[in-house]
Protein chains: 6
Amino acid sequence: MSESEVKTAKAAGTGAAAPVWQRLRLEAAEAARREPALAGFFNAAVLSHDSLTQALCYQLAQKAGGPDMNALQIREVCKQAFLEDKNIIKCVERDLQAVSDRDPACRTLLQPFLFFKGFLGLQTYRVAHWLWHQDRDVLAFFMQSRTSELYGVDIHPAAKMGCGIMMDHATGVVIGETAVVGDDCSFMHGVNLGGTGKEFTDRHPKVGKGVLIGADAKILGNIKIGDYARIGASSVVLEDVKCGCTVAGVPAKVIACIDCEEPAKAMDHLISPSKMQD
Amino acid sequence: MSESEVKTAKAAGTGAAAPVWQRLRLEAAEAARREPALAGFFNAAVLSHDSLTQALCYQLAQKAGGPDMNALQIREVCKQAFLEDKNIIKCVERDLQAVSDRDPACRTLLQPFLFFKGFLGLQTYRVAHWLWHQDRDVLAFFMQSRTSELYGVDIHPAAKMGCGIMMDHATGVVIGETAVVGDDCSFMHGVNLGGTGKEFTDRHPKVGKGVLIGADAKILGNIKIGDYARIGASSVVLEDVKCGCTVAGVPAKVIACIDCEEPAKAMDHLISPSKMQD
Amino acid sequence: MSESEVKTAKAAGTGAAAPVWQRLRLEAAEAARREPALAGFFNAAVLSHDSLTQALCYQLAQKAGGPDMNALQIREVCKQAFLEDKNIIKCVERDLQAVSDRDPACRTLLQPFLFFKGFLGLQTYRVAHWLWHQDRDVLAFFMQSRTSELYGVDIHPAAKMGCGIMMDHATGVVIGETAVVGDDCSFMHGVNLGGTGKEFTDRHPKVGKGVLIGADAKILGNIKIGDYARIGASSVVLEDVKCGCTVAGVPAKVIACIDCEEPAKAMDHLISPSKMQD
Amino acid sequence: MSESEVKTAKAAGTGAAAPVWQRLRLEAAEAARREPALAGFFNAAVLSHDSLTQALCYQLAQKAGGPDMNALQIREVCKQAFLEDKNIIKCVERDLQAVSDRDPACRTLLQPFLFFKGFLGLQTYRVAHWLWHQDRDVLAFFMQSRTSELYGVDIHPAAKMGCGIMMDHATGVVIGETAVVGDDCSFMHGVNLGGTGKEFTDRHPKVGKGVLIGADAKILGNIKIGDYARIGASSVVLEDVKCGCTVAGVPAKVIACIDCEEPAKAMDHLISPSKMQD
Amino acid sequence: MSESEVKTAKAAGTGAAAPVWQRLRLEAAEAARREPALAGFFNAAVLSHDSLTQALCYQLAQKAGGPDMNALQIREVCKQAFLEDKNIIKCVERDLQAVSDRDPACRTLLQPFLFFKGFLGLQTYRVAHWLWHQDRDVLAFFMQSRTSELYGVDIHPAAKMGCGIMMDHATGVVIGETAVVGDDCSFMHGVNLGGTGKEFTDRHPKVGKGVLIGADAKILGNIKIGDYARIGASSVVLEDVKCGCTVAGVPAKVIACIDCEEPAKAMDHLISPSKMQD
Amino acid sequence: MSESEVKTAKAAGTGAAAPVWQRLRLEAAEAARREPALAGFFNAAVLSHDSLTQALCYQLAQKAGGPDMNALQIREVCKQAFLEDKNIIKCVERDLQAVSDRDPACRTLLQPFLFFKGFLGLQTYRVAHWLWHQDRDVLAFFMQSRTSELYGVDIHPAAKMGCGIMMDHATGVVIGETAVVGDDCSFMHGVNLGGTGKEFTDRHPKVGKGVLIGADAKILGNIKIGDYARIGASSVVLEDVKCGCTVAGVPAKVIACIDCEEPAKAMDHLISPSKMQD
């Protein structure tokens with residue numbers, strides 16, 4: 001398969017005609033052809049599988065398996081989750097598409113699927129979240145722990161995460177127990193949706209859809225971040241942010257508010273310094 | 001053992017009657033009963049041991065063991081440290097109790113004991129610190145390195161850490177060679193007690209007791225943080241902070257000062273934005 | 001070999017007479033003598049090798065090897081890179097020397113060489129960068145992924161990094177695809193040379209030589225950081241910084257500008273709070 | 001479950017009422033209760049599975065998985081074989097029952113299922129044999145190689161093995177490419193069904209049903225061993241053996257011939273020395 | 001330490017002055033000095049321990065540890081066995097001495113202690129045998145299984161083995177449930193003390209003291225082998241052998257009988273062919 | 001590459017035109033094409049290498065590497081041996097060719113090269129033998145131990161083995177310290193070239209060239225086996241065997257003597273039972 005075919009498939013991939021799984025397979029075949037040293041890896045991780053679910057459970061299990069719970073056991077848990085909640089795989093597809101659409105450094109679906117700590121951490125969370133709702137919190141916490149160790153991504157299994165989410169680089173992400181994140185959000189590394197310590201019940205942020213959160217930004221407490229808001233890198237957000245508004249600083253102040261567009265998809269996380277200095 | 005019994009034991013656990021080790025065992029037995037896939041893990045890590053020291057050395061060794069120094073070797077070093085310095089295990093008990101008392105998302109002692117990178121990183125540091133004072137700095141540095149790789153927690157073995165310390169989430173914590181931390185402090189992830197580069201001798205912060213430090217806060221240089229102070233998330237602290245005061249911002253400014261209570265235990269890391277904006 | 005001999009060798013090591021590799025061997029022999037539990041490790045990692053290149057490829061391969069690509073395979077790739085581009089090993093020597101010169105907590109070359117995530121992550125990047133220019137981007141991305149998992153250091157293989165670079169502690173470092181970093185820079189952990197999301201082509205910072213960047217500082221967008229500049233911890237830099245200037249804050253403002261000295265080597269990352277508060 | 005219940009289940013297990021899988025589960029539950037150190041193992045290997053096929057594929061994969069082909073990959077191959085050829089699992093059940101019926105030292109089905117090299121080697125062969133008939137001889141040879149390494153059991157994947165076969169101890173068993181073995185045979189360790197080197201086509205023994213072959217016995221060449229024959233330990237058999245006959249010695253001579261009973265089931269491998277000395 | 005000192009120590013080692021553990025340590029130190037590539041191994045396996053028991057439990061655990069039961073767990077079981085039954089370590093010392101005295105190819109105690117499958121398999125059996133008498137047959141069978149996999153040595157945990165036993169090469173040794181072996185016996189590889197299948201109770205050989213059994217010899221049934229008897233290689237013994245007699249052949253016949261000396265110690269397993277041909 | 005091309009290459013492989021390494025590569029490419037699940041394995045083990053020596057050292061190291069001495073270390077030792085003694089690789093080529101010529105079940109060179117315990121055990125011995133002559137007996141014994149564990153092949157590093165040797169199946173082979181084996185011999189599994197225990201110096205067999213030794217045959221003592229002799233399976237040979245003679249039985253008697261042809265190459269190990277019964 002030529003490079004142009006791959007590009008065509010990628011372009012088509014944004015539509016219904018060439019779904020995510022087809023693109024992944026094409027890319028894996030191309031990558032295996034170009035790098036024989038990894039051909040076995042691409043075959044085992046992608047080409048030998050019949051579906052995205054199967055391939056993903058293989059990958060999550062290979063990563064998370066260890067002496068306490070081996071890869072074979074984790075794959076069974078993963079498969080059960082995807083079988084019983086059909087919405088998970090739909091979210092996964094949207095997550096993959098999100099990375100492909102928004103990350104300029106990401107040329108293939110293969111990269112996030114196999115390599116990105118944010119993507120793999122998020123999908124392991126999705127399994128842990130399903131376990132949580134089966135009252136299997138013991139195993140859910142175990143999966144959270146593995147995710148934190150492996151990827152530096154610490155998402156409480158009770159948190160609610162939407163679909164189409166991109167977590168770029170991901171090291172140091174912490175998302176608390178009662179946090180809620182809407183669809184189509186983009187998080188850079190080090191994002192923290194934290195509690196305030198005062199409350200023992202509902203104490204974490206509620207983030208709307210399409211929100212873009214810069215690196216190391218902290219959103220603390222049971223506050224509301226409106227749809228399509230933008231949070232500047234290293235900001236500390238302690239109050240609600242309205243829909244379509246951009247905030248930045250320590251503590252964060254409003255920089256600008258526009259119509260409720262979708263900043264997460266645009267990945268425009270340059271916040272005009274002139275505005276910040278106002 | 002019924003769930004209510006576990007709760008009772010947990011409640012009692014804050015007093016002298018039900019020590020930490022008993023609670024851990026009860027919780028492990030309950031967890032093993034509820035999640036057979038991890039029953040072997042809970043047995044190996046908790047139930048098969050006779051004491052907290054024994055179980056902890058097993059867990060630290062299982063984690064830190066690798067091709068350069070295996071689990072059996074690390075366990076021996078750990079046991080020797082706990083045997084020769086009886087104060088270490090007392091600190092461990094207080095650390096466990098601290099997490100249980102202060103972290104609302106932590107329902108059991110089992111979670112920090114087996115899963116929390118902050119707890120496990122701190123205890124591995126305690127072993128490295130003991131080695132340091134045996135003039136075994138080579139092995140102490142090795143342990144520091146393993147801790148940084150495994151948990152993202154980088155504590156110099158010469159640093160002095162008190163007891164009753166909670167490090168939540170913990171990814172990215174860095175604590176320098178001449179830092180001192182008092183009892184009962186609480187650190188969120190990403191906390192940095194750093195040097196300033198100018199000095200080659202005593203160049204890191206001296207943190208009092210009961211101090212609460214928010215996520216990604218940096219305290220730089222040989223400065224003094226008074227007892228019960230609070231440091232806002234993402235703050236950069238470059239000057240002394242007085243007892244009972246709250247500081248925040250880049251660079252950090254004083255927000256408020258109260259009597260010398262214990263904010264670390266309250267885990268109230270919401271800093272009023274109205275005050276910050278003053 | 002006595003401790004004084006080691007010190008002499010270290011002192012001499014800054015000159016041409018006692019090159020880096022000789023010092024490493026002396027230190028490894030001394031460490032093996034002092035800590036028998038790690039004698040096998042020091043022998044395998046340093047003493048059994050004939051050159052710095054050989055020892056480094058051993059160490060990178062031991063760390064990065066895994067089920068997808070084993071240590072033997074990675075070592076071959078590493079050796080090929082060092083063989084075909086003789087400049088890499090010169091950079092490695094300068095990197096080692098840089099850590100030794102600038103980090104007060106680092107007493108030996110052995111520590112960074114074997115243990116420091118920043119050093120090991122940087123050298124794995126150097127191999128990935130060489131692969132990138134061989135049009136082997138598939139394997140280059142694989143190496144980037146391993147580096148991010150193992151060390152929490154995420155450097156795009158296309159980024160251009162100079163020589164004599166120190167990355168201290170290193171957890172959470174993220175350096176983007178079109179970033180350029182000059183010689184003799186010093187980065188603390190959590191440094192981010194990020195894009196802004198708006199541009200798909202040249203979108204990351206261009207950092208001059210001898211620049212010192214504090215912990216968790218973010219430099220975002222295709223901006224220019226002049227030689228010998230200093231960036232305060234946790235700063236968010238969105239505009240060019242002139243040669244010799246110190247900036248700090250969120251967003252970063254100029255604190256002071258001096259003649260174009262070399263702050264990276266002095267490691268003076270205390271930024272006067274009085275100036276920041278101006 | 002009490003020991004008497006286990007015995008009852010075992011007794012009943014020879015009939016249709018309590019199939020092999022039910023007995024295995026009862027035994028695993030009992031064993032887990034009695035030996036907590038292995039409770040996790042018994043759960044992972046038996047109790048967490050829904051069927052004998054599932055549990056067996058788990059066990060074969062856990063054993064045979066390695067750096068060249070991991071456990072997840074081997075399990076998929078195993079499951080495919082058992083799915084497409086429903087006769088394999090029936091053979092497995094008869095093999096298990098055979099060990100239970102014939103080996104006095106084997107008190108449970110659990111022992112052969114989890115521990116016996118003969119049983120595990122035979123079942124891995126069954127998967128390799130299925131692969132052979134799918135024209136996947138490359139993978140079939142790989143599985144043969146793993147079986148030889150792990151269990152010391154070297155069965156060519158093209159050989160034809162019946163059902164209800166017991167291989168006791170098993171170290172050193174070698175069975176050649178064109179060998180055929182009937183149902184209900186019992187082999188001690190070191191049994192060799194070898195070729196003669198002269199022929200490149202059909203060159204290995206054809207063994208009837210219910211044959212008992214003693215330890216280290218060699219049967220060489222395309223000869224016929226009749227049903228219910230007995231071969232003495234360390235014999236070298238170079239000529240056909242008639243149904244119901246006992247042979248022994250180097251080279252083997254006929255000791256006695258009786259009606260065609262089933263010596264393999266009786267496991268009577270004492271050959272009267274007085275008769276041999278005739 | 002010079003080679004002559006080692007020799008002196010070895011010579012003295014047969015007396016009370018230089019016990020086995022001292023010799024092992026001297027040899028390990030010498031070996032570590034001569035082969036730096038294994039210095040870490042010798043340190044971890046011998047030099048870092050305080051006693052023979054401690055070192056042996058380390059070695060058995062390192063070997064037998066795996067995914068089902070890890071090295072740390074096995075070491076605890078081993079230490080418990082040696083603690084509660086003080087006779088085990090005395091047997092171990094005699095076993096080591098036996099190999100040193102009788103095997104011309106064995107120049108050091110280090111070789112059997114670290115490398116010989118017969119020695120390591122025998123000591124693992126000793127632990128399993130202790131477990132058997134604690135009514136922990138589940139774990140005892142597990143240990144038997146590991147021993148068979150690792151060393152090709154299959155000894156039923158209920159068998160009774162004396163002290164001062166040497167098993168040379170050891171691959172393929174099988175010793176049944178009701179077998180008894182006296183002190184000071186020497187077994188070559190492939191020795192089988194087997195049952196006859198007819199009996200479900202006491203059905204294996206009773207071997208006296210000082211017996212020498214050649215490679216692949218089979219002794220079958222509840223028969224008695226007198227003290228100081230010799231069994232020729234590849235023999236099949238089906239009847240009692242009197243004290244001091246040599247037997248050989250298939251089936252075995254008496255070759256000669258002498259006074260009850262100790263052929264096991266002389267290791268004279270050349271059986272005069274002229275006598276056999278009689 | 002078509003199957004017919006492979007066959008042509010194989011046919012040609014017996015001549016000078018298509019050397020062993022070319023055939024191996026062709027076969028590996030074909031196998032990788034036919035079995036994608038093992039494509040990565042064939043690439044890593046064969047296709048990624050430049051020479052037979054390089055590929056073999058990779059394979060031996062992958063197999064023998066472990067916690068005591070890792071794969072990277074073993075590969076260096078292997079490469080050094082092949083570099084300094086150029087005759088080793090010539091022997092390896094002849095060994096490979098021997099298996100291909102003589103084993104009807106072996107269709108490719110790939111099988112012995114990657115999978116056959118006899119071939120891999122023999123080559124590991126060749127490295128150990130080289131070490132022995134460098135006075136590195138400590139490491140030589142370590143390699144012997146690994147070979148015995150991994151392959152069930154126990155060859156003393158001081159033994160002298162010729163070239164063009166095939167060891168089929170190989171489990172249980174034991175070859176003593178002072179044994180000598182000529183070129184072009186073929187050994188089945190379980191062959192023992194043993195000592196007699198009486199002598200502490202030269203005490204093992206001297207086997208000529210082209211000798212064929214059947215399964216489990218024992219040759220004991222410092223006796224001479226003439227060129228092109230044949231030893232029947234399970235024989236016990238205690239006296240010299242003349243050139244071209246066939247012996248069999250316990251103890252072995254002469255069956256026939258012919259001109260000094262090369263039975264090892266013909267692999268005719270059927271010994272006429274009529275002659276044995278004479």
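Cut-offs used in this document
Residues numbered from 1 in each chain as written. Chains lettered and ligands numbered in written order. Predicted model: local features only at pLDDT ≥ 70, side-chain atom pairs only at ≥ 80, totals over all residues. Heavy atoms only, no water. Helix = DSSP H or I, 4+ residues; strand = E, 2+ residues; numbered from the N terminus. Buried < 20%, exposed > 50% of the residue type's maximum accessible area, 1.4 Å probe, protein only. Contact = heavy atoms within 4.5 Å. Buried area = accessible area lost by both parts, 1.4 Å probe. Salt bridge = Lys/Arg side-chain N within 4 Å of Asp/Glu carboxyl O. Polar contact = N/O pair within 3.5 Å; in protein donor to acceptor, adjacent residues only side chain to side chain. Nonpolar A, V, L, I, M, F, W, Y, C, P; charged D, E, K, R; others polar. Least-squares fit on C-alpha atoms with pLDDT ≥ 70 in both. Phe/Tyr/Trp six-rings, centres within 6.5 Å; stacked < 30°, edge-to-face > 60°. Axes fitted to C-alpha atoms, helices over the stretch in contact; angles between N-to-C directions. Parallel < 35°, antiparallel > 145°, perpendicular 65-115°, else oblique. Disulfide = S-S within 2.5 Å. UniProt positions renumbered as here; feature names shortened; annotations may be inferred. Pairing = 2+ DSSP bridges. Expected span 1.5 Å × (residues − 1).

## Focus on the overall build of chain A
Working step 1: Regarding its fold elements, chain A presents 11 helices and 15 strands.
Working step 2: A total of 278 residues make up chain A; the buried ones form 69% of that total.
Working step 3: For chain A, contacts bridging at least 24 residues in sequence account for 47% of all contacts bridging at least 6.

## Overview of the interface of chain D and chain B
For interface size, the figure often reported is the accessible area lost on association.
Working step 1: Counting from both sides, the interface comprises 4 residues of chain D and, opposite them, 4 residues of chain B.
Working step 2: Surface buried jointly by chain D and chain B totals about 300 Å² across both partners, of which 52% is contributed by carbon and sulfur atoms.
Working step 3: The largest share of the area that chain D buries against chain B comes from P36, G40 and N43 of chain D, three residues that together contribute 83% of it.
Working step 4: In this assembly, chain D and chain B are joined by 0 salt bridges.
Working step 5: The tally of links between chain D and chain B comes to 2 residue pairs in polar contact (both at pLDDT 80 or more).
Working step 6: Here the residues of the side of chain D that touches chain B sort into 2 nonpolar, 2 polar and no charged.

## Remarks on the pattern of salt bridges
Residue and element names in this part refer to chain C.
Working step 1: Scanning all chains against the criterion turns up 90 salt bridges over all chains.
Working step 2: With a shortest N-O distance of 3.1 Å, E30 and R33 are connected by a salt bridge. One end of the pair is E30 and the other is R33, both in helix α2 (residues 20–34) and 3 residues apart, which spans about a single turn.
Working step 3: A relative accessible area of 12% means that E30 is categorised as buried.
Working step 4: For R33, a relative accessible area of 54% gives the class exposed.

## Overview of the interface of chain E and chain D
Working step 1: Contacts between the two partners involve 41 residues from chain E and, on the opposite side, 35 residues from chain D.
Working step 2: For the pairing of chain E and chain D, the buried interface totals around 3300 Å² over both sides, and the portion due to carbon and sulfur atoms is 59%.
Working step 3: When the area that chain E buries against chain D is broken down by residue, the three leading residues are D68, V138 and E149 of chain E, summing to 16%.
Working step 4: If you look at where chain E meets chain D, you find 5 salt bridges.
Working step 5: Across the salt bridge formed by K63 of chain D and E149 of chain E, the nearest N and O atoms sit 2.4 Å from each other.
Working step 6: When residues of the side of chain E that touches chain D are traced back to their parent elements, those giving at least two are α9 (137–151) and β10 (218–220) of chain E.
Working step 7: When grouped by side-chain class, the residues that make up the side of chain E that touches chain D number 15 nonpolar, 12 polar and 14 charged.

## Side note on the relation of the copies chain D and chain B
Working step 1: For the pair chain D and chain B, the superposition axis carries a translation of 0.0 Å, the fit reaches an RMSD of 0.0 Å, and the rotation angle comes to 180 degrees. The superposition of one copy onto the other is thereby described by a two-fold rotation axis. Relative to the rotation axis, the C-alpha of G40 of chain D is the closest in chain D, positioned 1.7 Å from it.
Working step 2: Both copies contact each other with a shared surface, as 100% of the interface residues of chain D are interface residues in chain B too.

## What to know about the packing of aromatic side chains
Working step 1: Here the structure, examined in full by the defined rule, presents 36 aromatic pairs over all chains.
Working step 2: Aromatic side chains F142 of chain B and F115 of chain C sit 5.9 Å apart centroid to centroid with 70 degrees between the ring planes, which places their arrangement in the edge-to-face category. Placement of F142 of chain B in helix α9 (residues 137–151) and of F115 of chain C in helix α7 (residues 110–115) is noted, with the two residues assigned to different chains.
Working step 3: A residue is classified by how much of its surface remains accessible, and F115 of chain C, at 9% relative accessible area, is buried.
Working step 4: When the ring of F41 of chain E is compared with that of F42 of chain E, the centres are 5.4 Å apart and the planes differ by 45 degrees; the resulting orientation is tilted.

## Quick notes on the packing of helix α2 (residues 20–34) of chain F against helix α6 (residues 87–102) of chain F
All names here are of chain F.
Working step 1: At a closest axis distance of 10 Å, the pairing of α2 and α6 adopts a crossing angle of 60 degrees. One element, α2, and the other, α6, form an angle in the oblique class. Mapping the contact onto sequence places V20, R23 and L24 in α2 and E93, L96, Q97 and S100 in α6.
Working step 2: Taken together, the residues of the contact of α2 with α6 sort by class into 3 nonpolar, 2 polar and 2 charged.

## Let's talk about the state of the cysteines
Working step 1: Counted by the stated rule, this structure contains 18 disulfides over all chains.
Working step 2: For C57 of chain F, the disulfide goes to C78 of chain F, at an S-S distance of 2.3 Å. As the torsion about the S-S bond is roughly -75 degrees, the C57 of chain F-C78 of chain F disulfide counts as left-handed. A residue pair is termed long-range when its members are at least 10 positions apart, and C57 of chain F in helix α4 (residues 52–64) and C78 of chain F in helix α5 (residues 71–84) qualify at 21 residues. Each member of the pair, C57 of chain F together with C78 of chain F, is buried.
Working step 3: Across the disulfide from C91 of chain F sits C163 of chain F; the S-S distance is 1.7 Å. One end of the pair, C91 of chain F, is in helix α6; the other, C163 of chain F, is in the loop between β2 (160–161) and β3 (166–167), with 72 residues separating them in the sequence. For the pair shown, C91 of chain F and C163 of chain F are each scored as buried.
Working step 4: The cysteine C185 of chain C is free of any disulfide, with C163 of chain C supplying the nearest cysteine sulfur at 11 Å.

## Re the relation of the copies chain E and chain D
Working step 1: In the superposition of chain E on chain D (RMSD 0.0 Å, axial shift 0.0 Å), the rotation amounts to 120 degrees. On the angle and the small slide along the axis, the relation comes out as a three-fold axis.
Working step 2: Interface residue correspondence from chain E to chain D reaches only 10%, placing this contact among heterologous pairings that use different surfaces.

## A few points about the UniProt feature "domain: Serine acetyltransferase N-terminal" (unreviewed entry) in chain A
Working step 1: UniProt annotation of "domain: Serine acetyltransferase N-terminal" (unreviewed entry) refers to residues 20–124 of chain A when read in the numbering used here.
Working step 2: Taken end to end, residues 20–124 of chain A has its terminal C-alpha atoms 19 Å apart, with 77% of it in helix and 0% in strand.

## So, the side chain of D137 of chain C
Working step 1: Structurally, D137 of chain C is set in helix α9 (residues 137–151).
Working step 2: Here D137 of chain C falls in the buried class, since its relative accessible area comes to 18%.

## Things to note about the sheet that holds strand β1 (residues 153–155) of chain F
All names here are of chain F.
Working step 1: Strand order across the open sheet formed by 5 strands is β1-β4-β7-β10-β13, with parallel pairing between neighbours. Because the sheet does not close on itself, it has two edges, and the strands there are β1 and β13 (236–237).
Working step 2: Strand direction decides the pairing type here: β1 and strand β4 (residues 173–175), joined by 3 bridges, are parallel. In the sheet register, V153 faces β4, and the bridge partner there is V173.

## A short note on the side chain of H49 of chain A
All names here are of chain A.
Working step 1: Its location among the elements puts H49 in the loop between α3 (39–47) and α4 (52–64).
Working step 2: Polar side-chain contacts of H49 include one of 2.8 Å to the backbone oxygen of A44.
Working step 3: Separated by 3.3 Å, the side chains of H49 and Q54 make a polar contact.
Working step 4: Setting aside residues no more than four positions away along its own chain, H49 makes contact with W21, R25, A44, Q54, A55, Y58 and R75.

## Re the pairing of strand β14 (residues 245–248) of chain A
Residue and element names in this part refer to chain A.
Working step 1: What you see with β14 is no split at all: C245 and V247 on one side and T246 and A248 on the other are buried throughout.
Working step 2: Summarising the sheet, strand β12 (residues 230–231) and β14 pair through 2 bridges and their orientation is parallel. Its bridge partner being in β14, I231 is matched across the sheet by V247.
Working step 3: Across 4 bridges, the pairing between β14 and strand β15 (residues 253–257) is antiparallel. Counted as the bridge partner of C245 is C257 from β15.
Working step 4: Hairpin connection, β14 to β15: the antiparallel pair is bridged by 4 residues, and G249 has positive phi, about 105 degrees.

## A word on helix α9 (residues 137–151) of chain D
All names here are of chain D.
Working step 1: The end-to-end C-alpha distance of α9 is 20 Å, a good match for the 21 Å that 15 residues give at a rise of 1.5 Å each.
Working step 2: Here α9 lies mainly inside the structure; 14 of its 15 residues are buried.
Working step 3: Backbone geometry just after α9 places G152 at a positive phi near 65 degrees.

## Section: unusual backbone geometry
Working step 1: Between V250 of chain D and the following residue, P251 of chain D, the backbone shows a cis peptide bond with an omega angle of -5 degrees.
Working step 2: One can find P251 of chain D in the loop between β14 (245–248) and β15 (253–257).
Working step 3: Located in the positive-phi region is D216 of chain B, a residue other than glycine, with phi close to 60 degrees.
Working step 4: Turning to its location among the elements, D216 of chain B is positioned in the loop between β9 (212–213) and β10 (218–220).
Working step 5: On the basis of relative accessibility, which here comes to 8%, the residue D216 of chain B falls in the buried class.

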